[in-house]
Amino acid sequence: MKRAIWCLAALFAVLSLVPGPVRAADEPFTFGLLLVGPYNDKGYSQAQYEGGRYVEEKLPGSKMIYLDKVNPADRPGVTIPQLVDDLAAKGAKMILAGSDDMKDGIREAAAAHPEIAFVHVSGDDVLTGKAPKNLGNVFGRMEYGKMMAGFAAAMATKTGKIAYLGPLINDETRRLAASVYLGARYAWEKVLNKPAKDLQFKVSWIGFWFNIPGVTSDPNQVAAAFFDGGYDVVVSGIDTPEALIVAKQKQGAGADVHAVSYDYKLACQGYDAVCLGVPYFNWGPEFLKLVTQGKAGKFVPAFEWLAPDFADINNPDTSIVGYAEGAALSAAARAELKKFVADLGAGKAELFAGPLNYQDGSVFLKAGEKATDKQIWFLPQLLEGMDGQSVAK
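Residues numbered from 1 in each chain as written. Predicted model: local features only at pLDDT ≥ 70, side-chain atom pairs only at ≥ 80, totals over all residues. Heavy atoms only, no water.

An unreviewed UniProt entry lists the chain under the name BMP family ABC transporter substrate-binding protein, with Desulfolutivibrio sulfodismutans as the source organism.

Quick look at the structure:
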């Protein structure tokens, strides 16, 4: 009897060493990320890629898979739903779609995969009621970062001529370009005490978020044309660093010019002599929140448009939008910018407030009126005082 008991105990001991089925709790929570550009573009896509890596670092049991260069030039004929099918086949339980132009495709994919949680980074399908029940929207209020960019540009210009290197034309890009203009005008009038009529602000659109040879205008040529036309500060609205590259070339040839980059915190590296700073996205904390919700089965789709942490806008763990000051920004301008940021956070500086007109002269906001979030989000035109197209031709 003792021998039988001993044999059974030995058998159970051996069986305990044989790997059994992996419990669901032991499986990693896989989330997918669709990037419009290269994951290492030193711009918008890299900021999102690093946000995903932040999640992996902070959330045990999380795993990111990603597809980059999700755009018609790099992946001709490939649709967003097809790419989502691929991510789903690889085990993605949540998918983050990184660009506004993915709107139609990600909505279709979400409807086809009700078992997966989707977040469109930008977009407004929740707001408009078009979103399936498993699709949410999130974006940072980069309008504040762009106001800081415009402020810095106005503090640096010697000609009073500021240019904006824009991507494609839509609601998002109009309101961001307008925010740069409003920030520049605020510094021009309130800090430098100069009349608004003496500030020139021109917008040129290349046609996409970055250069696609044969499809878009060449941003190098557009930036060079700005500088050659007397615009001594170019503020970038595209995902790549052409504004800085051309500014450095022009400065090397003796021109007194500067630029403001976009999207990525370290964009000024290598361009110290010309870079006035960069408004950038810090996706890590928000992606962490969303993936944590997804992993716990508690994701509730919503429309989120998140402000910076004005108490510490460059805090990597709390602020979705930041502004990294460039080495070319003067000490005096830095001091004024700091005051401006504080006033934005305290609500003392309300830039989307009347009187403001649209570019065609019609009234946007009457004196004493403040724009609603919806009015800013769906800005239909550029503003009076801005030179450039308001709608795509």
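J.: Any chance you could break down the sheet that holds strand S6 (residues 161-166) for me, citing the residues and the numbers?
T.: Whenever strands of a sheet pair, they do so through backbone hydrogen bonds, lying parallel or antiparallel. Taking strand neighbours across the sheet as the criterion, the five strands line up as S9-S8-S6-S7-S15 in an open arrangement whose pairing is parallel. Taken across any chain shown, the strands that pair with only one partner, and hence form the sheet edges, are strand S9 (258-260) and strand S15 (386-387). Relative to strand S8 (residues 233-236), S6 is paired through four bridges, and the arrangement is parallel. Within S8, the position partnered with leucine 165 by the bridge is serine 236. Packing of helix H6 (residues 142-156) onto the sheet brings it into contact with S6, S8 and S9, and relative to S8 it is tilted by some 170 degrees. Packed onto the sheet, helix H7 (residues 171-191) meets S6, strand S7 (200-205), S8 and S15 and runs at close to 160 degrees relative to S7. (Pairing = 2+ DSSP bridges. Helix = DSSP H or I, 4+ residues; strand = E, 2+ residues; numbered from the N terminus. Contact = heavy atoms within 4.5 Å. Axes fitted to C-alpha atoms, helices over the stretch in contact; angles between N-to-C directions.)

J.: Tell me about the pattern of salt bridges, residues and numbers included.
T.: Where charged atoms from two side chains of opposite charge approach closely, those side chains can pair. For the structure shown, the criterion picks out 17 salt bridges. Note that lysine 103 and aspartate 124 form a salt bridge whose closest N and O atoms lie 3.0 Å from each other. Of this pair, lysine 103 sits in helix H4 (residues 103-112) while aspartate 124 sits in the loop between strand S4 (117-121) and helix H5 (125-128), and the two are 21 residues apart along the sequence. Owing to a relative accessible area of 6%, aspartate 124 belongs among the buried residues under this scheme. Linking lysine 289 and glutamate 304 is a salt bridge whose minimum nitrogen-to-oxygen distance equals 2.6 Å. Taken together, the positions of lysine 289 in helix H10 (residues 284-295) and glutamate 304 in strand S11 (residues 303-306) put the pair 15 residues apart, joining distant regions of the chain. Taken together, the shared-partner salt bridges in this structure form one network comprising Asp104, Arg107 and Asp125. (Salt bridge = Lys/Arg side-chain N within 4 Å of Asp/Glu carboxyl O. Buried < 20%, exposed > 50% of the residue type's maximum accessible area, 1.4 Å probe, protein only.)

J.: Can you tell me about helix H9 (residues 242-252), naming the residues and giving the values?
T.: Listed in full, the buried residues belonging to H9 are Glu242, Ala243, Leu244, Val246 and Ala247. Residues of H9 that are buried in the fold lie against S6, helix H8 (219-228), S8 and S9. Within two residues after H9, glycine 254 carries a phi angle of roughly 105 degrees, on the positive side.

J.: Explain the domain arrangement of the chain residue by residue, including any values.
T.: The domain architecture assigned to the chain consists of domain 1 (29-140 + 284-306) and domain 2 (142-280 + 323-387). Put simply, the middle of domain 1 and the middle of domain 2, counted by C-alpha atoms, are 28 Å apart. Summed over both sides, the interface of domain 1 with domain 2 buries roughly 1,700 Å², with 66% coming from carbon and sulfur. Sorting the residues of domain 1 by area buried against domain 2 places Tyr44, Phe139 and Trp305 first, and these three jointly supply 30% of that buried surface. Counting the contacts that link domain 1 with domain 2 gives zero salt bridges. Our enumeration of links across domain 1 and domain 2 arrives at ten residue pairs in polar contact (both at pLDDT 80 or more). For the side of domain 1 that touches domain 2, the secondary structure elements donating two or more residues are helix H2 (44-58), H5, strand S5 (135-140) and S11. With four residues, the single largest contributor to the side of domain 1 that touches domain 2 is H2. (Domains from an automatic or database assignment. Buried area = accessible area lost by both parts, 1.4 Å probe. Polar contact = N/O pair within 3.5 Å; in protein donor to acceptor, adjacent residues only side chain to side chain.)

J.: I'd like to hear about H8, residue by residue, with values.
T.: Taken as a whole, H8 has its buried residues at Pro219, Val222, Ala223, Ala224, Phe226 and Phe227. The secondary structure elements touched by the buried residues of H8 are S6, S7, S8, H9 and S9. The opening residue of H8 is aspartate 218, an N-cap whose side-chain oxygen sits 2.9 Å from the backbone nitrogen of asparagine 220. Of the residues flanking the end of H8, it is glycine 230, one or two places downstream, whose phi is positive at about 95 degrees.

J.: I'd like to hear about the sheet that holds strand S2 (residues 62-67), residue by residue, with values.
T.: In space, the six strands of this open sheet follow the order S2-S1-S3-S4-S5-S11, with parallel pairing throughout. The sheet is open, and its two borders are formed by S2 and S11, each paired with just one other strand. If you compare each strand with its neighbour and ignore which way they point, the axes differ by 20 degrees on average. Packed on one face of the sheet, H10 meets strand S1 (29-34), strand S3 (94-97), S4, S5 and S11 and runs near 135 degrees to S1.

J.: Report on the environment of leucine 87, specifying residues and quantitative values.
T.: Structurally, leucine 87 is set in helix H3 (residues 80-89). Here the alpha-carbon distance between leucine 87 and glycine 32, two residues 55 residues apart in the chain, equals 6.3 Å.

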